[in-house]
Amino acid sequence: MAAYKRVSESVALITLQNPPVNALSAAVRQGIVDTVERALSDPNVTAVVICGQNGVFCGGADIKEFGSNMSGPPLIPMIHAIESANKPVVAAIEGSALGGGLELALGCHYRIAHSKARLGLPEVSLGLLPAAGGSQRLPRLIGVPAALNLITTGRHVTAAEALQLGIVDQVTDHNTVDAAVKFALSVAGRSLDPRRISTYPCPQQPDLDALFEEVMQKVRRSARGAIAPIACVQAVRAAATLPYTQGMAREQELMATLFTSGQARALQYCFFAQRAVGRWRMPSGARWDTSKPRPVHKAAVIGLGTMGRGITVALAQTGLSVIAVETQEKQLMEAKQAVSGMLERGAKRRGVAPALDRIIYSQNIQAVADVDLVIEAVFEDVALKTKVFKQLSAVCKPGTLLCTNTSALDVDQLASETPNPELVVGMHFFAPAHVMKLLEVVYGPRSSPEAVATAMQLGKKMGKASVAVGNCRGFVGNRMLKPYVEQAFFLLEEGATPELVDRALEEFGFPMGVFTMSDLSGLDVGWRVRKGDGLVEPGGASGRSARVRQGRRYSPLGDLLCEHGRFGQKTCRGWYQYDKPGSRVARSDPWLHSFLEAYRAEHGLVARRIDHQEVLERCLYALINEGFHILDDGIAAGPEDIDVIYVSGYGWPRHRGGPMFYANMVGLAKVLERLEHYHQAHPDVPHLQPCSLLRRLVASGSPPIHRWGEVIKKLHSQL
Ligand SMILES: CCCCCC/C=C/CC(=O)SCCNC(=O)CCNC(=O)[C@H](O)C(C)(C)COP(=O)(O)OP(=O)(O)OC[C@H]1O[C@@H](n2cnc3c(N)ncnc32)[C@H](O)[C@@H]1OP(=O)(O)O
């Protein structure tokens, strides 16, 4: 759909119409082809302006069409027809010009952008490359280094940066279409040859080979197995070294491989999953579209340890007034300094003023009397948190939302200590809270839909991937992490090394393996939790009971390392060794290897050869199995919720879509078969026993992931 109108007598105004982002669906492409033809064949038209309706130029190709048989006019000839036109075509860019949208604009002879517009070629984040000529035109227009940067990262640039780079010809603060029409009239009749980007030679670049070598190395390192960034470099290289038509052929060849790849499917699934989790629903039937969030202008944070500081920064950066409460004077002073530092550094990076004056620090909890929402972030101790919740209930104005940042305690129990449990939800941030993208919003059976809606909206404002989940031990993310870490420990007992396990997981695409991660977060954290659960027996136990706790297999390896004072990076020793406290360079530690050998000998364990496949299957399938339990229990509303949590907060490689999408890709029957195999070999490990939901899904013919929801609903109704 594209509307056609004559304005200022001789200008044809073509308006793309496909809300909400004017994506280039088959109908829009047909509309463009038809209206451009009409404009070019009308002798009374001297120039053409293309814009998008409702203040958005174009969000690119219609991603929803990718899964189906694509019909309608293809993009490349459509853009080529615009570029070859004998009348000037001007793109009037408001809102977004992304992907195919920017490629369309690059086919136009001129580009005028509103100052608030954002432009970019984000195809790489969908597992693709800009294959409607974008990878060939952009380097010709702005040079190879800048094009490489934009295309391999997919980042969006502001109109000001686009002007500086030479992507747009003019930026306006006023009505963009009016400015474009005026501009079009001013250039009508001029030669268009110098405006056809495909005819430009690529700007000369000294040491082209060295540049591509360096960029390729950097991209390979950060891609962690993703193939699209590498194809993007190869496509730009074609632009820099080949004539345009040959470059286009290379662009198409590379795109053909990417387009049908599992990675592209995974990344496109992530795009829609991220948006789907905003449409949350609770088992009670409460939903995002029927629950009204409350306005939050003023918030409070209680407890200014690491988490409280990060949350304070995140709230202030969102524009809220914040009361930051810490009862210990020394801790308060340190926190004030740390928070100011974080705000100043963040503001410098973003080129804005630091939000220092949005925060009031206090030692007195009475200071939070008039806030709309409180986030409690005191030490993870149930008695302390209960006390704080009781104080808050007495101090806060009626209706104030009380949120806890607990990662392990029972949100329902805390809620039950307050007179208004409907006002209590969990807001589980991840450290550092002002940086990490994930937020689990944890509702209990008594949390009101309004409270959930408010926490979800606040999370969104903070720029977090906010996922509403039910209350259970570890919520979603940490609950699934437990069987994953447990398998890694068992693998060490059976003959693996931390290096082997970590390498397998890093080759899969995690930024770090389980043992490097454990060293970074501190072994003492899990030790404290296991002690609280009554699992730790000082000095380890001897005999068979040493590796059995509460009736199931248990590995005391982590506890034993802690008893040796090996807490990870902070003590220079953990699963690896480090040169100085906090160093990120993990070195293999002969002590650890001898320790493992002695441990196996003591417990009569015979080390066997373990390969990467077993590491991946044991760790990942145990984690996925727990994901099925979570779905079965109704703790997560759908697989998308779990996948967004894992991709946004736990380093699961985005190009593999998240654990549940990965299970769907591998095949549910295969996951079930491998779990059965490992459970048979390790009957004392309940986490390897396949979840009944997985069995039932396989018995229902392994439906594709987008149909799991309806199948689960049907299965549950039959119970
Ligand atoms: C061999 C075959 C050759 C094929 C060649 C194909 C070439 C492809 C190149 C491309 O163009 S790929 C697409 C590139 N574009 C993007 O990646 C942009 C994606 N969109 C965004 O980044 C954002 O949506 C936005 C445009 C910046 C707007 O953000 P905002 O926060 O305002 O809204 P959202 O909630 O994100 O989106 C609203 C709504 O619109 C849907 N949507 C957005 N973009 C697209 C799209 N390109 N195609 C289809 N649908 C899109 C989004 O899913 C939301 O839908 P919902 O139902 O409301 O959740």
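Residues numbered from 1 in each chain as written. Predicted model: local features only at pLDDT ≥ 70, side-chain atom pairs only at ≥ 80, totals over all residues. Heavy atoms only, no water.

**Description of unusual backbone geometry**
Most peptide bonds take the trans configuration, and most residues that are not glycine carry a negative phi. Cis geometry is adopted by the peptide bond preceding P20, which originates at P19 and carries an omega value of 5°. Tracing the backbone shows P20 in the loop between β2 (11–16) and α1 (26–41). Here A431 and P432 are connected by a cis peptide whose omega angle stands at -10°. Position of P432 among the secondary structure elements: in the loop between β15 (424–429) and β16 (438–443). Even without being a glycine, C572 presents a positive backbone phi close to 65°. (Helix = DSSP H or I, 4+ residues; strand = E, 2+ residues; numbered from the N terminus.)

**Here we look at the sheet that holds strand β13 (residues 373–376)**
In spatial order, the strands read β12-β11-β10-β13-β14-β15-β16-β17; together these 8 strands make up an open sheet with mixed pairing. Two strands close off the open sheet at either side, each with one partner strand: β12 (359–362) and β17 (465–470). Here the strands of the sheet are splayed against their neighbours by 25° on average, with no regard to which way each runs. As defined by bridge partners, strand β11 (residues 321–325) adjoins β12 across 4 bridges and the pair is classed as parallel. Of the residues in β12, the one forming a bridge with V322 is I359. Contacts between helix α12 (residues 306–317) and the sheet are confined to β10 (298–302), β11, β12, β13 and β15, with β10 contributing the most and set at about 170° to the helix. (Pairing = 2+ DSSP bridges. Axes fitted to C-alpha atoms, helices over the stretch in contact; angles between N-to-C directions. Contact = heavy atoms within 4.5 Å.)

**Here's the deal with the UniProt feature "domain: 3-hydroxyacyl-CoA dehydrogenase NAD binding" (unreviewed entry) in the protein**
Taking the UniProt record as the reference, the feature "domain: 3-hydroxyacyl-CoA dehydrogenase NAD binding" (unreviewed entry) is found at residues 298–471. Secondary structure content for residues 298–471 is 39% helix and 23% strand, while the C-alpha to C-alpha distance between its ends is 26 Å. (UniProt positions renumbered as here; feature names shortened; annotations may be inferred.)

**Points about helix α3 (residues 100–107)**
Across the 8 residues of α3, 8 count as buried, placing the element largely inside the fold. All buried positions along α3 are accounted for by G100, G101, L102, E103, L104, A105, L106 and G107. (Buried < 20%, exposed > 50% of the residue type's maximum accessible area, 1.4 Å probe, protein only.)

**Thoughts on the environment of D169**
In this structure, D169 sits in the loop between α6 (159–165) and β9 (170–172). C-alpha separation for the pair D169 and K390, spaced 221 residues apart in sequence, amounts to 61 Å. Those residues in contact with D169 that lie beyond four places of it in its chain are Y110, R111, L163 and R195. Looking at D169, its side chain comes within polar contact range of the main-chain nitrogen of R111, at 2.7 Å. (Polar contact = N/O pair within 3.5 Å; in protein donor to acceptor, adjacent residues only side chain to side chain.)

**Some words on the pairing of strand β4 (residues 89–93)**
Looking along a regular strand, one sees side chains alternate from face to face of the sheet. Counting buried positions along β4 yields 5 of 5 residues, so the element is predominantly enclosed. Here β4 shows a buried face lined by V89, A91 and I93 and a second buried face lined by V90 and A92. Bridging between strand β3 (residues 47–52) and β4 involves 3 bridges; their strand directions are parallel. Bridged to V49 within β4 is V90.

**Quick notes on the packing of helix α25 (residues 659–666) against helix α26 (residues 668–681)**
Contact geometry of α25 with α26 gives a least axis separation of 5 Å together with a crossing angle of 100°. Regarding the angle of α25 to α26, the classification is roughly perpendicular. Contacts between α25 and α26 pair A663, N664 and V666 from the former with L668, K670 and V671 from the latter. Residues belonging to the contact of α25 with α26 are distributed by class as follows: 4 nonpolar, 1 polar and 1 charged. (Parallel < 35°, antiparallel > 145°, perpendicular 65-115°, else oblique. Nonpolar A, V, L, I, M, F, W, Y, C, P; charged D, E, K, R; others polar.)

**As for the site of the ligand**
Near the ligand lie 22 residues; those nearest to it are G59, A61, G100, R275 and R279. A distance of 2.8 Å is found between an oxygen atom of the ligand and a backbone nitrogen or oxygen belonging to A61. Within the side chain of R275, one N or O atom sits 2.8 Å away from an oxygen atom of the ligand. In the complex, the protein chains occlude 71% of the 1,100 Å² of accessible area that the ligand would expose alone. Looking at the shell around the ligand, the elements with two or more residues in it are β5 (96–98) and α11 (262–276). Among the elements that make up the shell around the ligand, the one with the highest residue count is α11 (3 residues). (Near = heavy atom within 4 Å. Areas by Shrake-Rupley, 256 points an atom, 1.4 Å probe, with all protein chains shown as cover.)

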